[in-house]
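Understanding the architecture of this molecule
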Amino acid sequence: MNGHQLTDSEPCLVWDTGALAQQQAHLLVEIGAAADVDQGFAKGCEDPDLIAYEWAALTEQLTVLLNTLNPSGYWHAEVTHFGWRSRNGFKDFEADTGARFLANILPATDCTFKVFVTEDGTVRLQNFHHDAPTGNEWYTVKPAQPWLDL
């Protein structure tokens, strides 16, 4: 995970469970809890606390970033090249936390993603998963105005 930096050339947040397990593998070898990196990697992949802790940290950082960009919490998202059918679409939603934000846009599957923020405050998210393994699935999310219930 990276700290917040407002640029569209480098991601400000990254979620990659493989990289997390690899980092954990090196730590486990260093402290003597694993004989080698392969054993450490296997232990890292099986550690639900590691993933839960890192997910909580990432979503908290995202919450802070989103509240800075758009305190109202209303968003308009557009996706291009969604899934194996490479569909395009949009969604308006409300999210006051990073976890709710991600739940509103990402598919319900294991994802690896990178979050970018452009100078105008647009959130760009590049997503990788089993139906989009090359990362061609892109979300563009902009602050929106609250909608009216008529």
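1. Description of the overall build of the chain
- Across its full length, the chain carries 4 helices and 6 strands.
- Along its sequence from the N terminus, the chain presents helices and strands in the succession β-α-α-α-β-β-α-β-β-β.
- Reported as C-alpha extents along the three principal axes, the dimensions of the chain are approximately 60 × 35 × 30 Å.
- Within the chain, buried positions represent 37% of all 150 residues.
- For the chain, restricting intrachain contacts to residue pairs at least 6 apart in sequence, the fraction spanning at least 24 positions comes to 49%.
- Accessible surface computed for the chain: about 8,700 Å², of which carbon and sulfur atoms make up 52%.

2. A look at the packing of helix H3 (residues 48-69) against helix H4 (residues 98-105)
- Packing of H3 against H4 brings their axes to within 7 Å, and their N-to-C directions diverge by 95 degrees. Taken together, the axes of H3 and H4 lie roughly perpendicular to each other. Contact residues: H3 offers Trp-55, Leu-58, Thr-59, Leu-62, Thr-63 and Leu-66, while H4 offers Gly-98, Ala-99, Phe-101 and Leu-102.
- When its residues are assigned to classes, the contact of H3 with H4 shows 7 nonpolar, 3 polar and no charged.

3. A closer look at the pattern of salt bridges
- Taken as a whole and judged by the stated rule, the model has 1 salt bridge.
- Arg-100 is the salt-bridge partner of Asp-96, the closest N and O atoms lying 3.2 Å from each other.
- What makes Asp-96 partly exposed here is its relative accessible area of 47%.
- According to the relative accessible area criterion, Arg-100 is partly exposed, its value standing at 40%.

4. Remarks on unusual backbone geometry
- Located in the positive-phi region is His-81, a residue other than glycine, with phi close to 60 degrees.
- The backbone phi angle of Ser-86 is positive, close to 55 degrees, even though this residue is not glycine.
- With respect to the helices and strands, Ser-86 occurs in the loop between strand S2 (74-82) and strand S3 (87-94).

5. Concerning the layout of surface pockets
- Empty space within the largest pocket amounts to approximately 250 Å³.
- Forming the walls of the largest pocket are 15 residues, and the residues nearest its centre are Trp-15, Trp-55, Thr-109, Asp-110 and Cys-111.
- Across the lining of the largest pocket, the residue classes break down as 10 nonpolar, 4 polar and 1 charged.

6. Quick look at the confidence of the model for the chain
- In the predicted model, the chain carries a mean pLDDT of 91, and 93% of its residues have values of at least 70.
- Counting interchain partners and residues more than four positions distant, the pLDDT-below-50 stretch residues 1-7 has 25 contacts.

7. Some words on H3
- If you check H3, its first and last C-alpha atoms are 31 Å apart, about what 22 residues at 1.5 Å a residue would give, namely 32 Å.
- Of the residues that open H3, the one with a side-chain oxygen 3.0 Å from the backbone nitrogen of Asp-49 is Asp-47.

8. What to know about the state of the cysteines
- Summed over all chains, the structure comprises 0 disulfides.
- No disulfide involves Cys-111; its sulfur sits 17 Å from that of Cys-45, the nearest cysteine.
- Given the relative accessible area of 10%, Cys-111 is considered buried.

So, how was this worked out
- Sequence order sets the numbering: in each chain, residues are counted from 1 along the sequence as written.
- Residue-level local features of this predicted model are given only where pLDDT is at least 70; pairs of side-chain atoms are given and counted only at 80 or more, and the full residue set underlies all totals for whole chains, interfaces and linings.
- Water and hydrogen atoms were dropped before computing side-chain values, which therefore reflect all heavy atoms in the structure.
- Only DSSP runs of H or I with at least four residues qualify as helices, and only runs of E with at least two residues qualify as strands; both kinds are numbered from the N terminus onward.
- Throughout this description, buried means an accessible area under 20% of the type-specific maximum (1.4 Å probe, protein chains only), exposed means over 50%, and partly exposed covers the range between.
- We call two residues in contact when some of their heavy atoms are within 4.5 Å.
- Per-residue and other accessible areas were derived by the Shrake-Rupley procedure at a 1.4 Å probe size, with only the shown protein chains allowed to occlude residues.
- Axis angles are defined between N-to-C directions and span 0 to 180 degrees, where every axis is a line fitted to C-alpha atoms and, for a helix, only to the segment in contact.
- Note that the term roughly parallel is reserved for angles under 35 degrees, roughly antiparallel for angles over 145, roughly perpendicular for angles of 65 to 115, and oblique for everything else.
- We call Asp, Glu, Lys and Arg charged. Ala, Val, Leu, Ile, Met, Phe, Trp, Tyr, Cys and Pro are nonpolar, and the rest, Gly among them, are polar.
- The salt bridge criterion pairs a side-chain nitrogen of Lys or Arg with a carboxyl oxygen of Asp or Glu, the two atoms within 4 Å.
- Points on a 1 Å grid over protein atoms alone make up a cavity when a 1.4 Å probe fits among them but cannot get out, and a pocket when they form an open set with protein on both sides within 12 Å along at least five of seven lines; lining residues each have an atom within 4 Å of a point.
- Grid points are joined across faces, edges and corners, and a volume is the space filled by probe spheres set on the points.
- Each residue carries a pLDDT score, the predictor's confidence in it, ranging from 0 to 100.
- Residue count minus one, scaled by 1.5 Å, sets the expected span of a helix.
- Two N or O atoms count as a polar contact when they lie within 3.5 Å, although within protein this holds only if one can serve as hydrogen donor and the other as acceptor, and sequence-adjacent residues are included solely when both atoms are side-chain atoms.
- Our working definition of a disulfide is a cysteine sulfur pair at a distance within 2.5 Å.

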